[in-house]
Amino acid sequence: MVLQENADDEILVAGENAISGCPYAVVALGENLVGTAINSQVRHPTFLQPNTLPRVLKTKTFCKQVAVWSVSPEGELTSSATWSGAFIAYMLARGPSPRTLIVGDALRSVTLLEYVPPASAPMQGQLKELGKDYRARYMVAVEALSSSRGTAAEGGGAEGEGGGGGGLQRII
């Protein structure tokens, strides 16, 4: 949903898009761009053993988790780029430099992405992976610190993983 303030200081809905899934984070990237972390899945069932009981159901899952949207002056949202490299894209922050995003995966990593705009109108942009830290677990927050550094906070894990319910902060 895109909100806009009019001349009478009223907040109005300028545009909205229906999505399939749960939106976890929305980040303004500037230049009429918005980054989102949306976890969604489409399942295509396949029966593996049709003549036996119980039937085993196999599903194929397709996820689009991080997206960059362009926002028109009228408030219309258009998907410009998507990235599906996280298990659960739970945290999202504007990155340390323009057009970058820090993605906190709830279960396995922190990733730095760069939005590369399309070269011409009908083409799609790209989200290019600049770096990934697989040591991170149970991400609860991510944020840029400066033009070259960011921080990521982990929640308490099981014993041996920061145990005792404590957390860990990483400088990335």
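Residues numbered from 1 in each chain as written. Predicted model: local features only at pLDDT ≥ 70, side-chain atom pairs only at ≥ 80, totals over all residues. Heavy atoms only, no water.

Observations regarding the overall build of the chain
In step 1: For the chain, the count of helices and strands is 0 helices and 15 strands.
In step 2: Classification of the 172 residues of the chain by burial places 33% in the buried group.
In step 3: Taking the contacts inside the chain whose residues are at least 6 apart along the sequence as the reference set, 37% of them involve residues at least 24 apart.
In step 4: For the chain, the exposed area adds up to about 10,500 Å²; of that, 54% sits on carbon and sulfur atoms. (Helix = DSSP H or I, 4+ residues; strand = E, 2+ residues; numbered from the N terminus. Buried < 20%, exposed > 50% of the residue type's maximum accessible area, 1.4 Å probe, protein only. Contact = heavy atoms within 4.5 Å. Areas by Shrake-Rupley, 256 points an atom, 1.4 Å probe, with all protein chains shown as cover.)

Section: unusual backbone geometry
In step 1: Of note, Asp-9 is a non-glycine position whose phi angle comes to about 60°, a positive value.
In step 2: Following the sequence through the fold, Asp-9 ends up in the loop between strand E1 (2-5) and strand E2 (11-15).
In step 3: Judged by its relative accessible area of 58%, Asp-9 is exposed.
In step 4: Even without a glycine there, the phi angle at Arg-99 is positive, about 65°.
In step 5: By secondary structure assignment, the location of Arg-99 is in the loop between strand E9 (89-94) and strand E10 (100-105).

Some thoughts on the sheet that holds strand E3 (residues 22-30)
In step 1: With respect to topology, 4 strands assemble into an open sheet ordered E3-E4-E7-E8, the strand pairing being antiparallel. Each edge of the sheet is formed by a strand with only one pairing partner; in this case those strands are E3 and strand E8 (77-83). Strand-to-strand twist across the sheet, computed as the mean angle between neighbouring axes with direction ignored, equals 25°.
In step 2: Examined bridge by bridge, strand E7 (residues 66-71) and E8 share 6 bridges and lie antiparallel to one another. The residue of E8 that forms the bridge with Val-68 is Ala-81. (Pairing = 2+ DSSP bridges. Axes fitted to C-alpha atoms, helices over the stretch in contact; angles between N-to-C directions.)

Quick word on the sheet that holds strand E12 (residues 126-133)
In step 1: Spatially, 4 strands are ordered E9-E10-E11-E12 in an open sheet, and the strand pairing comes out antiparallel. The sheet terminates laterally at E9 and E12, the two strands that pair on one side only. Across the sheet, the mean angle separating the axes of adjacent strands is 25° when strand polarity is ignored.
In step 2: Across 5 bridges, the pairing between E10 and strand E11 (residues 110-116) is antiparallel. Opposite Gly-104, over in E11, you have Val-110 as the bridge partner.

Considering the pairing of strand E14 (residues 150-154)
In step 1: Buried residues dominate E14, accounting for 4 of its 5 residues.
In step 2: Where strand E13 (residues 139-144) lies against E14, 5 bridges are found, and the strand directions are antiparallel. Bridged to Glu-143 within E14 is Thr-151.
In step 3: In this antiparallel pair of consecutive strands, E13 and E14, the connection spans 5 residues.

What about the environment of Gly-21?
In step 1: Residue placement: Gly-21 occurs in the loop between E2 and E3.
In step 2: Residue classification places Gly-21 among the partly exposed residues on the basis of a relative accessible area of 43%.

Some points on the environment of Leu-127
In step 1: Along the chain, Leu-127 falls in strand E12.
In step 2: Between the C-alpha atom of Leu-127 and that of Ala-81, which follows or precedes it by 46 residues, the distance is 6.1 Å.
In step 3: Beyond its immediate sequence surroundings of up to four residues, Leu-127 is in contact with Val-66, Ala-67, Val-68, Ala-81, Thr-82, Trp-83, Leu-101, Leu-113, Glu-114 and Tyr-115.

Description of the confidence of the model for the chain
In step 1: Taken as a whole, the chain shows an average pLDDT of 75; of its residues, 74% reach a score of 70 or greater.
In step 2: Summarising per-element confidence for the chain, the mean pLDDT is lowest in strand E6 (residues 57-62) (45) and highest in E11 (91).
In step 3: Within the model, the stretch residues 42-49 combines pLDDT values under 50 with 23 contacts to residues more than four positions away or in other chains.
In step 4: Scored below 50 in pLDDT, residues 53-62 makes 27 contacts in the model with residues more than four places away or belonging to other chains. (pLDDT = per-residue confidence, 0-100.)

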